[in-house]
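A structural walkthrough
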Amino acid sequence: MRGFETAAALVATPVRAVGETRGFAVARLLTNWAEVVGPELAQSTRPVRISHGRGFGATLTLLVQGAHAPLIEMQKDRIREKVNACYGFNAVSRITLTQTAPTGFAEGQASFDHGPKEPRRRPPSPEACRQAEAIAGGFQDPVLSAAIRQMALNTMSKTDDNDRKARR
């Protein structure tokens, strides 16, 4: 047994192997993309592949969200400078943009950094609040009472966070 290891040490070899199949000699470019190019550019771009041609320098292919492509096109030189700073030398000479999925239509459906949409919650009616208080009043433990009150409100209002059918 090797004892306790950090999560980064456990996944370093598999991440490097997957990255090398796409031409990424430095896995840090994939894992720390937001730190390399900045949070604004990382929201709308993802590195897909680095291909090495006959000439000097490689070509970095970026996956770009549709409407952001013209804005990213204007910032390609800045991105190239930041990526080359990550490598430590002038490794990337060209950047190409693609608006297609990196692997296929089924696998490439995930959005970049958008969080889940918060469901719209209507405040419970005063009658529902009174009923929930009456139900939760029978418990002396305040934590249990609060949980029962919330469960009663969710049940009465049909907006339980775990019930997808009720949110429609």
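Okay, so let's go over this structure. (Residues numbered from 1 in each chain as written. Predicted model: local features only at pLDDT ≥ 70, side-chain atom pairs only at ≥ 80, totals over all residues. Heavy atoms only, no water.)

1. Let's talk about the environment of Ala132
As for its position among the elements, Ala132 is in helix α7 (residues 126–136). Put simply, Ala132 and Arg149 are 17 residues apart on the chain and 5.1 Å apart in space, counted from C-alpha to C-alpha. In this view, Ala132 contacts Arg149, Ala152, Leu153 and Met156; residues no more than four positions away in its chain are not counted. (Helix = DSSP H or I, 4+ residues; strand = E, 2+ residues; numbered from the N terminus. Contact = heavy atoms within 4.5 Å.)

2. Things to note about the pattern of salt bridges
Applying the stated criterion across every chain, the model contains four salt bridges. Here Arg149 and Glu133 are joined by a salt bridge, their closest N and O atoms 2.6 Å apart. On the criterion of sequence distance, the pair formed by Arg149 in helix α8 (residues 142–157) and Glu133 in helix α7 is long-range, its members being 16 residues apart. In this structure Glu133 comes out as partly exposed when scored by relative accessible area, which is 41%. (Salt bridge = Lys/Arg side-chain N within 4 Å of Asp/Glu carboxyl O. Buried < 20%, exposed > 50% of the residue type's maximum accessible area, 1.4 Å probe, protein only.)

3. Concerning the packing of α7 against α8
Two numbers describe a pair of packed helices, the interaxial angle and the distance between the axes. Look at α7 against α8: their axes get within 8 Å of each other, and the N-to-C directions meet at 140°. When the interaxial angle is binned, α7 and α8 end up oblique. α7 and α8 meet at a crossing whose hand is right-handed. Contacts between α7 and α8 involve Ala128, Cys129, Gln131, Ala132, Glu133, Ile135 and Ala136 on the former and, on the latter, Ser145, Ile148, Arg149, Ala152, Leu153 and Met156. Of the residues belonging to the contact of α7 with α8, the class tally is nine nonpolar, two polar and two charged. (Axes fitted to C-alpha atoms, helices over the stretch in contact; angles between N-to-C directions. Parallel < 35°, antiparallel > 145°, perpendicular 65-115°, else oblique. Left-handed = near helix turned anticlockwise from the far one by under 90°. Nonpolar A, V, L, I, M, F, W, Y, C, P; charged D, E, K, R; others polar.)

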